[in-house]
Amino acid sequence: MRFLVVDDFDTMLRIIKNTLNDLGYTDVITARHGEQAFQILTKEKIDFIISDWNMPVMTGIELLRKVKGTPALAKIPFLMVTAEAEKEHIVEAIQAKVDQYIIKPFNQEMLAQKINQALHKIGKA
Ligand SMILES: [Mg+2]
């Protein structure tokens, strides 16, 4: 399982990476915004995407729409991370076919639960 974690905030990348490592997933690629993530997706085989919403250059919702609109990438599970103040964005993300979402602030246990739920959904856990 190779994970792609997308966030413009280093601390968040580290938290998500540590959570994945604790769950036994060590193959983690990171990107700082949606455009960089999409470039990686066109070159590498990625099994799971975890993306922040607010990022420069290309946001998480733009990345989600691009991924779900690309037949070769559409089936990759997509977990969206949104801030408390952006709750209304969840509807938008669901309409754009997000697989799971988590609202900041969250702890490692909550994140682990969301990742496991998404993995169960695709039969990978
Ligand atoms: Mg951000």
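Within each chain, residue numbers correspond to sequence positions counted from 1 in written order. Where totals are concerned, whole chains, interfaces and linings use all residues; where local detail is concerned, this predicted model gives features only for residues with pLDDT of at least 70, and gives and counts side-chain atom pairs only at 80 or more.

A. View of the overall build of the protein. Think of it this way: any DSSP run of H or I at least four residues long counts as a helix, any run of E at least two long counts as a strand, and we number them from the N terminus. A count of helical and extended segments in the protein gives five helices and five strands. Reading the secondary structure of the protein in the N-to-C direction produces β-α-β-α-β-α-β-α-β-α. For the radius of gyration, the atom set is restricted to C-alpha positions; the globular benchmark scales as 2.2 Å times the number of residues to the power 0.38. Taking 125 residues into account, the globule formula puts the C-alpha radius of gyration at 14 Å, and the protein, at 13 Å, falls close to it. Each of the three principal axes of the protein carries a C-alpha extent, and together these read 35 × 30 × 25 Å. With 125 residues in all, the protein has 30% of them scored as buried. The contact criterion used here is simple: two residues whose C-beta atoms, placed from the backbone, lie within 7 Å are in contact. Residue pairs at least 24 apart in sequence account for 57% of intrachain contacts in the protein once pairs closer than 6 positions are excluded. The exposure scheme places C-beta atoms from the backbone and then counts, for each residue, the other C-beta atoms within 10 Å of its own, assigning buried at 20 or more, exposed at 12 or fewer, and partly exposed in between.

B. Summary view of the nonpolar core. The nonpolar core is taken to be a set of buried Ala, Val, Leu, Ile, Met, Phe, Trp, Tyr and Cys residues joined by way of C-beta atoms within 7 Å. In this structure, Leu4, Ile49, Ile50, Leu64, Phe78 and Met80 are the most contacted members of the largest nonpolar core, which totals 25 residues. For this core, the elements supplying multiple residues, two or more each, are strand 1 (3-6), helix 1 (10-22), helix 2 (34-43), strand 3 (48-52), helix 3 (60-68), strand 4 (78-83) and helix 5 (108-121). Excluding residues that lie within four positions of it along the chain, Ile50 makes contacts with Phe3, Val5, Ile16, Leu79 and Val81.

C. Up close: the sheet that holds strand 1. Spatially, five strands are ordered 2-1-3-4-5 in an open sheet, and the strand pairing comes out parallel. The two strands at the open ends of the sheet, each matched to only one other strand, are strand 2 (28-31) and strand 5 (100-104). If you compare each strand with its neighbour and ignore which way they point, the axes differ by 15° on average. In this scheme, strands are said to pair when DSSP sees at least two bridges between them. Of the strand pairs in this sheet, strand 1 and strand 2 are connected by four bridges, and their pairing is parallel. The axes used here are C-alpha line fits, helices contributing only the stretch in contact, and every angle between their N-to-C directions lies in the interval 0 to 180 degrees.

D. Focus on the packing of helix 1 against helix 5. Interaxial distance between helix 1 and helix 5 falls to 10 Å at its minimum, and their mutual angle equals 65°. You can see that helix 1 and helix 5 cross each other, and the crossing is right-handed. On helix 5, the residues that touch Ile15, Ile16 and Thr19 of helix 1 are Gln108, Leu111 and Ala112. Classes in brief: Ala, Val, Leu, Ile, Met, Phe, Trp, Tyr, Cys and Pro nonpolar; Asp, Glu, Lys and Arg charged; the others, Gly included, polar. Looking at side-chain class alone, the contact of helix 1 with helix 5 contains four nonpolar, two polar and no charged residues. Should the near helix be turned anticlockwise from the far one by less than a right angle, the crossing is termed left-handed; should it be turned clockwise, right-handed.

E. Structural view of helix 5. A helix is expected to reach a length of 1.5 Å times the quantity of its residues less one. Under the 1.5 Å per step criterion, the end-to-end length of helix 5 is 20 Å for 14 residues, consistent within 8% with the ideal 20 Å. Note on helix 5: the residue one or two positions beyond its end, Gly123, has a positive phi of about 70°.

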